[in-house]
Amino acid sequence: MNVCIVGTGYVGLVTAACLAETGNHAFCVDINDGVVQRLKKGDVHIFEPGLEELVQRNLAEERLVFTTSLKEAMANATLIFSCVGTPPIEDGSCDLSAVFRVAGQVGDNMEDHKIVVNKSTVPVGTADRVRGIISERLAARGVSLDFDVVSNPEFLKEGDAVSDFMKPDRIIIGTDNPEVAQLLENLYEPYARSRDKLILMSPKSAEMTKYAANCMLAAKISFINEIANICEKVGADVRDVRAGIGSDHRIGYHFIYPGVGYGGSCFPKDVRALIHTAADLGYRPEVLSAVDNVNNRQRQMVSRKIQSFFESAGGVSGRILAVWGLSFKANTDDIRHSPAIDIVAELSRAGMQIRAFDPAAGQNAKQMFAGNDHVFVGDKQYEILDGADALAVLTDWHQFRTPDFSGIEKRLKHPVIFDARNLYSTDLIVRHNFTCIRTGRPDIIAGPAID
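The present account deals with the structure reproduced in this document. (Residues numbered from 1 in each chain as written. Predicted model: local features only at pLDDT ≥ 70, side-chain atom pairs only at ≥ 80, totals over all residues. Heavy atoms only, no water.)

1. Considerations on the sheet that holds strand 14 (residues 435-438)
Part 1 of the argument: Spatial strand order, 11-10-9-12-13-14: six strands in an open sheet with parallel pairing. Two strands bound the open sheet, and with one partner strand each, they are strand 11 (375-377) and strand 14. Mean inter-strand twist for the sheet, computed between neighbouring axes without regard to direction, equals 20°.
Part 2 of the argument: Bridge analysis of strand 10 (residues 353-357) against strand 11 gives three bridges, and the strand direction is parallel. (Pairing = 2+ DSSP bridges. Helix = DSSP H or I, 4+ residues; strand = E, 2+ residues; numbered from the N terminus. Axes fitted to C-alpha atoms, helices over the stretch in contact; angles between N-to-C directions.)

Here you go:
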């Protein structure tokens, strides 16, 4: 099929590349000419494992085309995938201006039947609003054309998005038109050969499904962080508790790792957006509000632990903290709503000097902290340790899991690690005689006190 993809961010570019990989022709649109020119050369502007190779291969096979012209991209395409951003507004709602702008341009330029597929995460009822905008633009042109609007939410994890698209758990199609459903079933058939993964429902139910899924996952993260905080108070070990509850198949082990809280472009935005939607309808979503509140508190607790540790030695002002990890999770360069970024910012405001490293998000973090004299983002994982008072591990990158502890000890001023992600075993920490402050687990205090 010929498909038009509007937006070349994480969702749009992954969708385009994966659809092209199975033989479709994807015409990709972005308003940023600089991004389009880079993509035409096979230079991918976002970090996502496996994506660049996919883009380059399908560019060479001429199944991927990049342009700034929506009219050009949609001319020969029946399916138009809207993958533009829906960033949060201060009140918690979504900014849908890009979604509505795409709808208007489709209505201005369509010459035959089109199917607009909303892949962006949007509030319930957005498909109806998109349909209304297209109808208005067609009426303004004095043109009568059939079209459909479908909700087809994405369920892609940053850092594993290509695999998620190629081997999805489910494919949600929100439409009331059986013919459209069949067309999309044909498009997605290569990704569902092992079993039927297509779930058909109304557009509103599909829109709600996306929010419900992300809010449920966010709730699991906030829940285990709440339990971890209680474990610290009562002297229990959250790692043992996690093993105990995760063995119950009704709970499972996924998304119950305590740490610094969730971040990224999806969970914070989607939880708040659903809270806002519910409030507009006169319903108070108490569980969702608690999920958001616990998450905000969790990142503050990490910075407070660090400040508390240095309190008896004169506080954090003037101290040097080495930080490993700035992205909101491993395998991405995304620092949007990253707990690590918030923790670094809070400690720097308290006067602490931060030397940070991240395998992929370093450049983004350098731009974020430009002008902040208290924060230095380096390019070498171990060099930033030199002379630091302690190390804080804030993102669970694989290369942080089995580091050179002897090298760390030689470079740090004090053998102290704030293991916010619980990466290091008790045996390992004790063997190397480190002090280790952990999340939901008893701290290990070794060696002399901080001077």
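That shown, we press on.
2. Here we look at the nonpolar core
As a rule of thumb, soluble globular proteins bury nonpolar side chains together.
Part 1 of the argument: One finds Ile5, Leu51, Phe81 and Leu184 to be the most contacted residues of the largest nonpolar core, which totals 41 residues.
Part 2 of the argument: For this core, the element with the highest residue contribution is helix 1 (residues 10-21), accounting for nine residues.
Part 3 of the argument: Met110, Val130, Ala219 and Ile275 belong to the second-largest nonpolar core, a separate cluster that totals 40 residues. (Core = buried A, V, L, I, M, F, W, Y, C linked by side-chain atoms within 4.5 Å. Buried < 20%, exposed > 50% of the residue type's maximum accessible area, 1.4 Å probe, protein only.)

3. Remarks on the side chain of glutamate 207
Part 1 of the argument: Locating glutamate 207 in the fold gives a position in helix 9 (residues 203-234).
Part 2 of the argument: It turns out glutamate 207 is buried and unbridged, and the closest side chain with the opposite charge, lysine 204, is 7.3 Å from it.
Part 3 of the argument: With residues near it in sequence (within four places) discarded, glutamate 207 still touches Val122, Pro123, Val124, Gly125, Thr126, Ala127 and Ser151. (Lys, Arg positive; Asp, Glu negative; His and termini not counted. Salt bridge = Lys/Arg side-chain N within 4 Å of Asp/Glu carboxyl O. Contact = heavy atoms within 4.5 Å.)

4. Observations regarding the packing of helix 12 (residues 286-311) against helix 13 (residues 339-349)
Part 1 of the argument: Between helix 12 and helix 13, whose axes approach to 9 Å, the crossing angle comes to 40°. One element, helix 12, and the other, helix 13, form an angle in the oblique class. The handedness of the crossing between helix 12 and helix 13 is right-handed. For the pair helix 12 and helix 13, the contacting residues are Arg299, Gln300, Val302, Ser303, Ile306 and Gln307 in the first and Pro339, Asp342, Ile343, Glu346 and Leu347 in the second.
Part 2 of the argument: In the contact of helix 12 with helix 13, the residues fall into five nonpolar, three polar and three charged. (Parallel < 35°, antiparallel > 145°, perpendicular 65-115°, else oblique. Left-handed = near helix turned anticlockwise from the far one by under 90°. Nonpolar A, V, L, I, M, F, W, Y, C, P; charged D, E, K, R; others polar.)

5. Quick notes on the environment of glycine 387
Part 1 of the argument: Relative to the helices and strands, glycine 387 resides in the loop between strand 11 and strand 12 (390-393).
Part 2 of the argument: The partly exposed category is assigned to glycine 387, whose relative accessible area is 31%.
Part 3 of the argument: For glycine 387 and arginine 319, which are 68 residues apart along the polypeptide, the C-alpha to C-alpha distance reads 10.0 Å.
Part 4 of the argument: Residues within four places of glycine 387 in sequence aside, it is in contact with Ile320, Arg355, Arg411 and Lys413.

6. Remarks on the pattern of salt bridges
Part 1 of the argument: All chains considered together, the criterion is met by 24 salt bridges.
Part 2 of the argument: Across the pair lysine 305 and glutamate 232 runs a salt bridge whose closest N-O atoms are separated by 2.5 Å. Remark: glutamate 232 occurs in helix 9 and lysine 305 occurs in helix 12; sequence separation between them is 73 residues.
Part 3 of the argument: Of the residues examined, glutamate 232 reaches a relative accessible area of 30% and is grouped as partly exposed.
Part 4 of the argument: One salt bridge in this structure joins aspartate 389 and arginine 319, with 3.1 Å as the shortest N-O distance. Taken together, the residues span a long stretch of sequence, with aspartate 389 in the loop between strand 11 and strand 12 and arginine 319 in the loop between helix 12 and strand 9 (320-324) at a distance of 70 residues.
Part 5 of the argument: The network of salt bridges with common partners includes Asp128, Arg131 and Lys204.

7. Points about helix 3 (residues 51-60)
Part 1 of the argument: The set of residues buried in helix 3 consists of Leu51, Leu54, Val55 and Asn58. One side of helix 3 carries all its buried residues, which in axial view fall inside an arc of 95°.
Part 2 of the argument: Packing partners of the buried residues in helix 3 comprise helix 1, strand 3 (64-67) and helix 7 (161-166).
Part 3 of the argument: Immediately downstream of helix 3, the backbone of glutamate 62 shows phi near 60°, a positive value. (Arc of directions from axis to C-beta.)

8. Observations concerning empty space enclosed by the protein
Part 1 of the argument: Scanning the entire structure with this criterion turns up three cavities of 30 Å³ or more.
Part 2 of the argument: As a volume, the largest cavity reaches approximately 70 Å³.
Part 3 of the argument: As for the largest cavity, its lining consists of Val302, Lys305, Ile306, Phe418, Asp419, Ala420, Ile437, Arg438 and Thr439.
Part 4 of the argument: Counting only elements with at least two residues in the lining of the largest cavity, the list comes to helix 12, strand 13 (416-419) and strand 14. (1 Å grid on protein atoms, 1.4 Å probe; cavity = no way out; pocket = protein on both sides within 12 Å on 5 of 7 lines; lining within 4 Å. Points joined across faces, edges and corners; volume = space filled by probe spheres on them.)

9. Quick notes on the environment of arginine 141
Part 1 of the argument: Assignment of secondary structure puts arginine 141 in helix 6 (residues 126-141).
Part 2 of the argument: The exposure class assigned to arginine 141 is partly exposed, which follows from its relative accessible area of 30%.
Part 3 of the argument: Not counting residues up to four positions away in its chain, the partners in contact with arginine 141 are Gly107, Asp108, Asn109, Met110 and Glu111.
Part 4 of the argument: Engagement of the side chain of arginine 141 in a polar contact is seen with the backbone oxygen of glycine 107, the distance being 2.8 Å. (Polar contact = N/O pair within 3.5 Å; in protein donor to acceptor, adjacent residues only side chain to side chain.)

10. Comments concerning the packing of aromatic side chains
Part 1 of the argument: Considering all chains together, one arrives at 14 aromatic pairs under this definition.
Part 2 of the argument: Centroid distance tryptophan 324 to phenylalanine 400: 5.2 Å. Interplanar angle 20°. Geometry classified as stacked. Of the two residues, tryptophan 324 is situated in strand 9 and phenylalanine 400 in the loop between strand 12 and helix 15 (405-411); the sequence distance between them amounts to 76 residues. Neither tryptophan 324 nor phenylalanine 400 differs from the other in exposure class; each is buried.
Part 3 of the argument: The structure contains a cluster of three or more aromatic residues connected by ring pairs, namely Trp324, Phe357, Tyr382 and Phe400. (Phe/Tyr/Trp six-rings, centres within 6.5 Å; stacked < 30°, edge-to-face > 60°.)

11. Here we look at the layout of surface pockets
Part 1 of the argument: If you add up the space inside the second largest pocket, you get close to 220 Å³.
Part 2 of the argument: Along the walls of the second largest pocket sit 14 residues, with Leu96, Pro123, Arg129, Thr277 and Asp280 positioned nearest its centre.
Part 3 of the argument: Listing elements by their share of the lining of the second largest pocket, those giving two or more residues are helix 6 and helix 11 (267-280).
Part 4 of the argument: Among the elements that take part in the lining of the second largest pocket, helix 11 stands out by supplying four residues, more than any other.
Part 5 of the argument: In terms of residue class, the lining of the second largest pocket is made up of seven nonpolar, five polar and two charged.

12. As for the packing of helix 9 against helix 10 (residues 238-246)
Part 1 of the argument: Between helix 9 and helix 10, the shortest axis-to-axis distance is 9 Å and the interhelical angle comes to 135°. It follows that helix 9 is oblique to helix 10 by the angle criterion. Every pair of crossing elements has a handedness; the one defined by helix 9 and helix 10 is right-handed. Every residue of helix 10 that contacts helix 9 at Phe223, Ile224, Ile227, Ala228 and Cys231 is listed here: Val238, Val241 and Ile245.

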